[in-house]
Amino acid sequence: MFRYLSGIQPSGNLHLGNYFGAIREHVRLQEKGDSYYFIADYHALTTVRDAEQLRHFTRETAVTYLACGLDPERSTLFRQSDVPEVCELMWLLLTVTPMSLLEKAHSFKDKTAKGISPDAGLFSYPVLMAADILAQGSHIVPVGKDQKQHVEMTRDIAQKFNQTYNQPVFVIPDIVMGTAPYVPGVDGEKMSKSYKNTLEILGEAKTLEKAVMGIKTDSLPPEAPKDPEQSTIFKLYSLAATPEETDALAARYRAGGLGYGHAKKELFAKLDALCVPFRERAAYWRADPHRVETILQKGAAKARENARFILNNARRACGLG
Ligand code: ADP
Ligand code: TRP
């Protein structure tokens, strides 16, 4: 049976890019195989520098996963820092990782270009991610397009280690991207917690409406025919609507006579309908933090056992202990 694994950083409130690009796929895959999902709090330390804030976003990330349909009976949900074996594994992997591989990372270049301080943690971020993936013997990593290069690096690092020590210690993972690998934000760029252009999954209806009404558009008048493929409103609508509804809206774009204000109202109605049950379930989980913590602890115990086994094989392969 395939093992799926993915993680999300608790570096802010989760948004519809996270939902359509990752969480929706994670929930779907829990029917298909052995699924492991975690809250990447070690990774979040590269940007969140306030302990209370990190704890808050960690709890909220767990609540969001559960509210969006992750079933703790079928999937293993855990907090990355409850599996500290990944840090030791990261060291073993760092010793076979060429500097030149890390220097090519788009995410490092993007983040430093956006003003995040280029420390060694941020630079070696992909190696910790490789450790997360390899420590669980994962076959498939479901993520959005922005993480593709990191999974490719994981493959390179795993192959290098296996070749260096001439043993198949690590499974070589594959990436899988869902139907929405690149969700635009309200400014038309990639939706991201770091770019302040998000539509939050658990935000209030009013906040969501305001954000949707603020989506950037071109200045074509209502009567002008419009290309749906160029429209952020249409792209977001198509993620939440049925194929028939999407085709119908595309036809109205092309025909002319549809103003962006109206299109935004229809988009808001679709997104709000999607998020109402998430908000309700989130309230349920927030009211029971002990149960959430128990789920995370149970998940960590299982993930830790896998990690210990693989770490021991890796230690043995390179002559430690
Ligand atoms: P962010 O960029 O907001 O910090 P993360 O890096 O924590 O998001 O991403 C968590 C998951 O959500 C990853 O699998 C990532 O690929 C996916 N994801 C994030 N933003 C988007 C987006 N705009 N479109 C599609 N997938 C996304
Ligand atoms: N880097 C991922 C992101 O920002 C989060 C992450 C950390 C991850 N470790 C992982 C994703 C392992 C998949 C597998 O989205």
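Caption draft 1: Region of interest: the site of ligand 1. Near ligand 1 there are 19 residues, and of these His15, Gly144, Asp146, Val183 and Lys193 occur at the shortest range. Asparagine 18 places a polar side-chain atom, nitrogen or oxygen, 3.1 Å from an oxygen atom of ligand 1. Contacts to ligand 1 include aspartate 146, whose side-chain N or O atom sits 2.5 Å from an oxygen atom. By residue number, the principal contributor to the shell around ligand 1 is helix H1 (residues 16-29), which donates 4 residues. Split by residue class, the shell around ligand 1 holds 8 nonpolar, 8 polar and 3 charged.

Caption draft 2: How the structure looks around the packing of aromatic side chains. The full count for this structure, using the stated rule, is 10 aromatic pairs. Taken together, the ring pairs in this structure connect Tyr19, Phe20 and Phe278 into an aromatic cluster. The ring centre of tyrosine 195 lies 4.3 Å from the NZ or CZ of lysine 114, which sits over that ring. Taking the ring centre of tyrosine 260 as reference, the NZ or CZ of lysine 226 above it sits at 5.3 Å.

Caption draft 3: Broad picture of the environment of alanine 248. Within the secondary structure, alanine 248 is located in helix H12 (residues 243-255). Through-space distance from the C-alpha of alanine 248 to that of alanine 224 is 17 Å; in sequence the pair is 24 residues apart.

Caption draft 4: Quick look at the site of ligand 2. Gln9, Tyr125, Met129, Asp132 and Gln147 are the nearest of the 14 residues found near ligand 2. In this structure, glutamine 9 approaches ligand 2 through a side-chain N or O atom, which is 3.1 Å from an oxygen atom. Tyrosine 125 places a side-chain nitrogen or oxygen 2.7 Å from a nitrogen atom of ligand 2. Protein contact buries 92% of the 360 Å² of open area that ligand 2 shows by itself. Elements represented by at least two residues in the shell around ligand 2 include exactly strand E1 (3-8) and helix H8 (125-135).

Caption draft 5: Spotlight on unusual backbone geometry. For asparagine 166, which is not glycine, the phi dihedral falls at a positive 55 degrees. Counting through the fold element by element, asparagine 166 comes out in the loop between helix H9 (148-164) and strand E5 (174-176). On the basis of relative accessible area, asparagine 166 is assigned to the exposed category, the value being 69%. In this structure, lysine 196 takes a positive phi of about 55 degrees despite not being glycine. With respect to the secondary-structure elements, lysine 196 resides in the loop between E5 and helix H10 (205-213).

Caption draft 6: Representation of helix H14 (residues 289-318). Look at H14: 42 Å from first C-alpha to last across 30 residues, which is about the 44 Å you get at 1.5 Å a residue. Those residues of H14 not exposed but buried are Val292, Ile295, Leu296, Gly299, Ala300, Ala303, Asn306, Ala307, Ile310, Leu311, Ala314 and Ala317. Backbone geometry just after H14 places glycine 319 at a positive phi near 90 degrees.

Caption draft 7: Focus on the packing of helix H3 (residues 51-67) against helix H13 (residues 260-286). Viewed as axis vectors pointing N to C, H3 and H13 meet at an angle of 130 degrees, and their least axial separation amounts to 8 Å. Of the possible angle classes, the one that applies to H3 and H13 is oblique. H13 is crossed by H3, and the crossing has right-handed handedness. Of H13, the residues touching H3 (which contributes Glu60, Val63, Leu66 and Ala67) are Phe278, Arg281, Ala282, Trp285 and Arg286.

Caption draft 8: Main features of the nonpolar core. By size, the foremost hydrophobic cluster in this structure holds 53 residues, and its most contacted members are Leu16, Tyr19, Phe20, Ile23, Leu199 and Ile201. For this core, the element with the most residues is H13, which contributes 10 residues. If sequence neighbours within four positions are ignored, isoleucine 201 has contacts with Leu14, His15, Leu16, Tyr19, Ile23, Thr64, Cys68, Cys275 and Phe278. The next biggest cluster of nonpolar side chains, apart from the first, holds 42 residues, and it includes Phe38, Ala105, Ala130 and Val151.

Caption draft 9: The packing of helix H4 (residues 85-94) against H14, seen in detail. Orientation of H4 relative to H14, taken along the N-to-C sense of each, is 25 degrees, at an axis distance of 10 Å. The orientation of H4 with respect to H14, classified from their angle, is roughly parallel. Between H4 and H14 the crossing geometry is left-handed. Facing H4, whose interface residues are Glu85, Glu88, Leu89 and Leu92, H14 presents Arg304, Ala307, Arg308, Leu311, Ala314, Arg315 and Cys318. Looking at side-chain class alone, the contact of H4 with H14 contains 6 nonpolar, no polar and 5 charged residues.

Caption draft 10: Representation of the side chain of glutamate 25 in the model. Mapped onto the secondary structure, glutamate 25 falls in helix H1. Look past the residues within four positions of glutamate 25 in its chain and what remains in contact with it is Pro142, Gly178 and Thr179.

Basis of the calculations
- Residues numbered from 1 in each chain as written.
- Chains lettered and ligands numbered in written order.
- Predicted model: local features only at pLDDT ≥ 70, side-chain atom pairs only at ≥ 80, totals over all residues.
- Heavy atoms only, no water.
- Near = heavy atom within 4 Å.
- Polar contact = N/O pair within 3.5 Å; in protein donor to acceptor, adjacent residues only side chain to side chain.
- Helix = DSSP H or I, 4+ residues; strand = E, 2+ residues; numbered from the N terminus.
- Nonpolar A, V, L, I, M, F, W, Y, C, P; charged D, E, K, R; others polar.
- Phe/Tyr/Trp six-rings, centres within 6.5 Å; stacked < 30°, edge-to-face > 60°.
- Lys NZ or Arg CZ within 6 Å of the ring centre and 35° of its normal.
- Areas by Shrake-Rupley, 256 points an atom, 1.4 Å probe, with all protein chains shown as cover.
- Buried < 20%, exposed > 50% of the residue type's maximum accessible area, 1.4 Å probe, protein only.
- Expected span 1.5 Å × (residues − 1).
- Axes fitted to C-alpha atoms, helices over the stretch in contact; angles between N-to-C directions.
- Parallel < 35°, antiparallel > 145°, perpendicular 65-115°, else oblique.
- Left-handed = near helix turned anticlockwise from the far one by under 90°.
- Contact = heavy atoms within 4.5 Å.
- Core = buried A, V, L, I, M, F, W, Y, C linked by side-chain atoms within 4.5 Å.

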